[in-house]
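# Descriptive analysis of the structure
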Amino acid sequence: MQPSPGNLQGLSDREAAARQAAGLGNEISIQTSRTYWDILRDNLFTFINGVYFFLSLVLIALGQASDVLVLACVILLNVVVNLVQEIRAKKKLDKIALLTRPRACVIREGKQREIDPAKIVVGDILVVHPGDQIVVDGVVVEGAIKVDESLLTGESDLIPKQIDDPVYSGSFCVSGRACYEAEKVGADSLASRMTAEARKFRKVLTPLQHRINLMIRLLLGVAIALGLITTLRIILGVVSLSTGIQNIAVIVGLVPSGLYLMITLAYALGAVRIVQQSALVQQANAVESISNVDVMCLDKTGTLTTNRIHLQEVYPIDIDPTELEARLSEYAAHVSTSNRTNDAILQRYRDTARAASLPEKKRPLRTEVPFSSAYKWSAIAFDDAPGIYVLGAPEILSHAMNLAEDLQTRIREKAEQGLRVLLFAYSPTVTDLPAATGHPVLPPNLQPLGILYFGDELRPDAYHTLEGFRQARIQVKVISGDHPATVAALAKQAGLSHDILAVSGQELAEMNDALFAQMAEESTIFGRITPEQKAQLVKCLQLRHHYVAMMGDGVNDVLALKQANVGIAMESGSQATRGVADIVLLKDAFSALPKIFLEGQRIRNGVADISKLFMVRIFSFILTIIAIGMITLSFPFGIKTSTIVTFLTVGIPPFFVTLWAKPDKPREVQGNSFLHFVLSATLTLSLASILIYLYFLAENITPVLDWLSGQIPFDELALRITLEDIARAQRVAETAMITMQVFGGLLLLPFLKPPTPAWVGGEPLSQDRRYAILAGIVLLIYGLILSTPPLRTFFELYPLDLIHYGGIGLVALIWALAVRFVWRNRLLDRFFGVTISPF
């Protein structure tokens, strides 16, 4: 234990224990991320899982326990993949948590003690030194410090704190030493109140997920309608109970469980790739979601900048530059309490060949005036040299010197550019006379030696990252607690346009809602913005149909991060920010963002492609079932035959489609290419399948052929057709139609990614031959099934003659030419009034 500074005694152990028992302690649960229950709940109780649970109950009622097992495996795999990914993210966040309950120095019974912050009570006296975190709200009772409140306010300037000034949890002591008395602890502290909203984790669906959910709802409605019709047929005796149950099982299979599985797989692969880019995905859909972003909001401090300043330029005044540098380095190296300004001066000379200017050992000082924001200058006088050196604000030092007009103009111009300008001067006279206010007095006869221009230090990758946003046609808006001119100047240095519009929070506060929304749309730079205004800006942009990402690192960014469609946090930011963010940039890798956008595009494109395959298969099944049911009053699919089509066309291929997906740049004109591809393929493939079914049905009912050849009259036709003839013909027709569905489904793969111009119609040329090769391999698998009697029997496929397979193949080729013609001439697009994007 060390004695307390001054005469401060602090609380006694008995008083502290009594206040702890009275509920005045700092006990508060610190969560660096979501709880395990939150992660389980968000992934288990979803709409799609509810749909599959309902389908499972239906299948159990129908006696299809094996199909229930398949659905259960799909649901379980989806949940497990997401749980593993998000739990890994949680563990990583727990390890890198910024607020790790640091030890606090408290004065008890006149002695300094190191205690856990949870043991702090109201009335405790705490001691802070440079680098210490302020852990509770209080008021300074002794000493003076400068604190960094950027995580709370967003302002990068250091805030001086003297006796009776308030200090807030979540801020840091940068210089000086002070004691403060705890006034608000636990949930009453400012940081706790600001992070309360962060604990209410939100689940945001992406546009793609909304579309998939809509399609699943639509298909579920169709399945229910067809199921009711089939149930009615069972009741009326049109079909037997066993046949009707099989038909309902096929109808239930129309709901695409495999599509949801492929989406989960795409998200998992994306998360793995993103980790390699130094980013951590907390929400499974975040990487795909970010591909929709068209507005990126950045907090300047800690995101666009490194939260450090650097010395950009030194302008000598009637002195040799080398001599000026030597005097500056001597000055900066001898201050007793360093600050960001001195650090920037020292860093400049360490980073250059002029490092020799730095003194090797300390020189004795005659006097020193530490910097204070109260008088805005500092000074040093060496014991072994005459005179005194002064560094301070030009508007203050100019009172003690005659500054030329051209120098004043130069200073004013640089200040308007957002730079911090300081004047370095020398006086041959050393004075220690204080003024009546207690502040030191500037020495007389100051002579200007040089002008120093300081700027916030940009992240090394800031320019290239913003250029990546620009190429992706993503608007960048910089939101900060600093002055708009300063933020604008920094943004221009980072590569933003020089004609950007800046606005302050004070100006926004005086606007009505309509004008506020307009400024949110038109402005690029927002300065002196409060946390509430940040969230309001994001909301206004969303109301104008923008998809907004918010990137921040401080508690003051939490509300905006929660409001945004995608929240991105820095690893070095506050625990509240990381806890609420969808993506956390490890090692503060700002340059990873463009790569994350590309990965999001990859996932979006992959899911969109497999969705097209699923929708063609499902809707062609539905149209075929309805059409053949109306014509022949029969059900054209069995459980196993529908399974083989599903497995070969949307079972194997989607995995590789997801794996091979590529990012692409946004098109100039967005249209509904999904409907362009799906409508034409669905209608033409359904028509070809129906015709194949009816042809083989008629060909294999002998009396029908006799009637067509004129051997029997029409009135005897019904008498000669037996149930055996119909059953056999239906099996043959079903196999022929299934073969056509497989051929058509596999031909969609090269149409989806055309390897040559001959395949271009539904999609633009990709020159990727892997999809055509995949189609050929899957076709060989189907040929193996057909040629292997046990497999053919298991899938209830009827053996056809080789010439019949050739004929079906020819029909599939004709269909391919026909659908390409429809695509290229946009016949159905024009008929349905669908607007298509140009390739």
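Residues numbered from 1 in each chain as written. Predicted model: local features only at pLDDT ≥ 70, side-chain atom pairs only at ≥ 80, totals over all residues. Heavy atoms only, no water.

## Description of the overall build of the chain
Put simply, the rule reads: Put simply, DSSP marks the helices as runs of H or I at least four residues long and the strands as runs of E at least two long, and each gets a number from the N terminus on. Throughout this description, buried means an accessible area under 20% of the type-specific maximum (1.4 Å probe, protein chains only), exposed means over 50%, and partly exposed covers the range between. For this analysis, residues touch if any pair of their heavy atoms sits within 4.5 Å.
Helices and strands together make up the secondary structure of the chain, namely 33 helices and 22 strands. Counting only residues that meet the buried cut, the chain has 53% of its 839 residues in that class. At a minimum sequence separation of 6, the contacts of the chain that also span at least 24 residues come to 72%.

## What about the packing of helix 16 (residues 462-471) against helix 23 (residues 592-632)?
To keep it simple, the criterion reads: Simply put, an axis is a line fit to the C-alpha atoms, just over the touching stretch for a helix, and the angle between two N-to-C directions goes from 0 to 180 degrees. Each angle gets one of four labels, with under 35 degrees taken as roughly parallel, over 145 as roughly antiparallel, 65 to 115 as roughly perpendicular, and the rest as oblique. In the scheme used here, Gly and all other residues not listed as nonpolar or charged are polar, with Ala, Val, Leu, Ile, Met, Phe, Trp, Tyr, Cys and Pro taken as nonpolar and Asp, Glu, Lys and Arg as charged.
Packing of helix 16 against helix 23 brings their axes to within 8 Å, and their N-to-C directions diverge by 30°. The angle between the axes of helix 16 and helix 23 places the two elements in the roughly parallel class. Residues Thr-465, Gly-468 and Phe-469 of helix 16 form the contact with helix 23, whose participating residues are Leu-593, Pro-594 and Phe-597. Across the contact of helix 16 with helix 23, the residue classes tally to four nonpolar, two polar and no charged.

## Some remarks on the pairing of strand 14 (residues 388-392)
On any regular strand, side chains alternate: one points to one face of the sheet, the next to the other face. Our working rule: In short, DSSP must find at least two bridges between two strands for them to pair.
Most of strand 14 is tucked away: five of the five residues are buried. Of the two faces of strand 14, the one lined by Ile-388, Val-390 and Gly-392 and the one lined by Tyr-389 and Leu-391 are each fully buried. For strand 13 (residues 377-382) and strand 14, the ladder comprises four bridges, and the chain directions are antiparallel. The residue of strand 14 that forms the bridge with Ala-379 is Val-390. One ladder, built from five bridges, connects strand 14 with strand 15 (residues 420-427); its direction is antiparallel. When the sheet's bridge partners are listed, Leu-391 is paired in strand 15 with Phe-424.

## Remarks on the nonpolar core
Let me state the cut-off plainly: Working definition of a nonpolar core: buried Ala, Val, Leu, Ile, Met, Phe, Trp, Tyr and Cys residues. They are joined through side-chain atoms within 4.5 Å.
Counting 120 residues, the largest nonpolar core has Met-296 and Leu-593 as its most contacted members. Looking at this core element by element, the count peaks at 17 residues for helix 23. Beyond its immediate sequence surroundings of up to four residues, Met-296 is in contact with Phe-469, Ile-474, Gln-475, Val-476, Lys-477, Ala-549, Met-551, Ile-568, Leu-593 and Phe-597. Formed by 24 residues, the second largest nonpolar core is a distinct cluster that contains Ile-345, Tyr-349, Phe-424 and Leu-452.

## With respect to the pairing of strand 2 (residues 104-108)
Burial analysis of strand 2 places five of its five residues in the buried class, the great majority of the element. Along strand 2, one buried face is formed by Ala-104, Val-106 and Arg-108 and the opposite face, lined by Cys-105 and Ile-107, is buried too. As judged from the five bridges shared by strand 2 and strand 3 (residues 111-115), these two strands associate in the antiparallel manner. Residue pairing across strands places Val-106 opposite Arg-113, the latter belonging to strand 3. Taking the residues between adjacent antiparallel strands as the criterion, strand 2 and strand 3 are bridged by two residues, where Glu-109 takes a positive phi near 55°.

## Re the side chain of Ser-620
The following threshold applies: Polar contact is defined as a pair of N or O atoms within 3.5 Å, subject to the rule that within protein one atom must be able to donate a hydrogen and the other to accept it, and that residues adjacent in sequence are counted only when both atoms are side-chain atoms.
Its location among the elements puts Ser-620 in helix 23. Exposure remark for Ser-620: the relative accessible area of 0% places this residue in the buried category. Within the structure, the side chain of Ser-620 is placed 2.9 Å from the backbone oxygen of Arg-617, a separation counted as a polar contact. A polar side-chain atom of Ser-620 sits 3.4 Å from a polar atom in the side chain of Gln-741. Discounting residues that sit within four places of it in the chain, Ser-620 has contacts with Met-615, Thr-682, Leu-685, Ser-686 and Gln-741.

## Notes on the sheet that holds strand 22 (residues 583-585)
Strand order in this open sheet of eight strands is 9-22-21-20-10-17-19-18, and the pairing throughout is mixed. Each edge of the open sheet carries a strand with a single partner, namely strand 9 (279-281) and strand 18 (502-504). Pairs of neighbouring strands in the sheet enclose a mean axial angle of 20°, with direction left out of account. Strand direction decides the pairing type here: strand 17 (residues 475-479) and strand 19 (residues 525-527), joined by two bridges, are parallel. In the strand pairing of strand 19, Val-478 is matched with Ile-525. Along the sheet, helix 17 (residues 484-493) makes contact with strand 17, strand 18 and strand 19, crossing strand 19 at roughly 145°.

## A few points about the packing of aromatic side chains
Worth spelling out the cut-off: The rule is short: rings of Phe, Tyr and Trp, with Trp giving its six-membered ring, pair when the centres are within 6.5 Å, and they are stacked under 30 degrees, edge-to-face over 60, tilted in between. In this scheme, the term charge over a ring applies when either NZ of a lysine or CZ of an arginine sits within 6 Å of the ring centre and within 35 degrees of the ring normal.
On inspection of all chains with the given rule, the structure shows 14 aromatic pairs. Between Phe-469 and Phe-597 the ring centres are 5.6 Å apart and the planes differ by 90°, which places this aromatic pair in the edge-to-face class. Here Phe-469, found in helix 16, pairs with Phe-597, found in helix 23; they are 128 residues apart in sequence, far enough to count as distant. The exposure class of Phe-597 is buried, given its relative accessible area of 4%. When the centroid spacing of 5.0 Å and the interplanar angle of 70° are considered together, the rings of Phe-751 and Trp-759 count as edge-to-face. Judged by its relative accessible area of 2%, Phe-751 is buried. Above the plane of the ring of Tyr-426 lies Arg-327, whose end atom (NZ or CZ) is 5.9 Å from the centre. Looking at Lys-612, its charged tip hangs above the ring of Phe-677, at a distance of 5.7 Å from the centre.

## Some thoughts on the pattern of salt bridges
Rules: Whenever Lys or Arg places a side-chain nitrogen within 4 Å of a carboxyl oxygen from Asp or Glu, that contact is recorded as a salt bridge.
All chains considered together, the criterion is met by 13 salt bridges. Of the charged contacts in the structure, one is a salt bridge between Glu-323 and Arg-327, with a shortest N-O distance of 2.9 Å. Of this pair, Glu-323 and Arg-327 both sit in helix 12 (residues 321-334), four residues apart, which is roughly one turn of that helix. Glu-330 is the salt-bridge partner of Arg-363, the closest N and O atoms lying 3.6 Å from each other. Here the residue Arg-363 occupies a position in the loop between helix 13 (340-350) and strand 12 (365-372), and Glu-330 occupies one in helix 12, the gap between them amounting to 33 residues. By relative accessible area, Arg-363 is classed as partly exposed at 24%. What makes Glu-330 buried here is its relative accessible area of 18%.

## Considerations on the environment of Arg-348
Position of Arg-348 relative to the elements: it lies in helix 13. Remark: the alpha-carbon pair of Arg-348 and Leu-311, spanning 37 residues in sequence, is separated by 6.5 Å. A distance of 3.1 Å separates a polar atom in the side chain of Arg-348 from the backbone oxygen of Leu-311.

## As for the confidence of the model for the chain
As a general rule, the predicted coordinates of low-pLDDT regions are not to be interpreted in detail. Here is the rule: Known as pLDDT, the predictor's confidence for each residue is given on a scale from 0 to 100.
Here the chain averages 79 in pLDDT, while 80% of its residues score no lower than 70. Across residues 96-100 the pLDDT falls below 50, and counting only partners more than four positions away or on other chains, this stretch makes 14 contacts in the model. Taken as a whole, residues 353-357 scores under 50 in pLDDT and shows eight contacts with residues more than four places along the chain or in a different chain.

## Remarks on empty space enclosed by the protein
Put simply, the test is: For each structure, a 1 Å grid was placed over the protein atoms alone; sets of points admitting a 1.4 Å probe that cannot get out are labelled cavities, open sets with protein on both sides within 12 Å along at least five of seven lines are labelled pockets, and lining residues have an atom within 4 Å of a point. Grid points are joined across faces, edges and corners, and a volume is the space filled by probe spheres set on the points.
If you walk through the whole model with that rule in mind, you get five cavities of 30 Å³ or more. Counted as a void, the second largest cavity has a volume near 60 Å³. Considering the residues around the second largest cavity, the lining is formed by Leu-613, Val-616, Arg-617, Val-645, Thr-649, Val-650, Leu-685, Gln-741, Gly-745 and Leu-748. Sorting the residues of the lining of the second largest cavity by element identifies helix 23, helix 24 (639-650) and helix 29 (723-752) as the ones contributing at least two each. Taken together, the residues of the lining of the second largest cavity break down into six nonpolar, three polar and one charged.

## Some words on a nonpolar patch on the surface
To keep things clear, this is the line we draw: Like charges within 9 Å and nonpolar side chains (Val, Leu, Ile, Met, Phe, Trp, Tyr) within 5 Å are joined into patches, using only residues over 30% in relative accessible area that form no salt bridge. A 1.4 Å probe and the Shrake-Rupley method give the accessible areas. Residues count as covered only by the protein chains that appear here.
A contiguous nonpolar patch, built from Trp-37, Leu-40, Leu-44 and Phe-45 and spanning about 410 Å² of accessible area, is present on the exposed surface. If you trace the backbone, Trp-37 turns up in helix 2 (residues 36-44).

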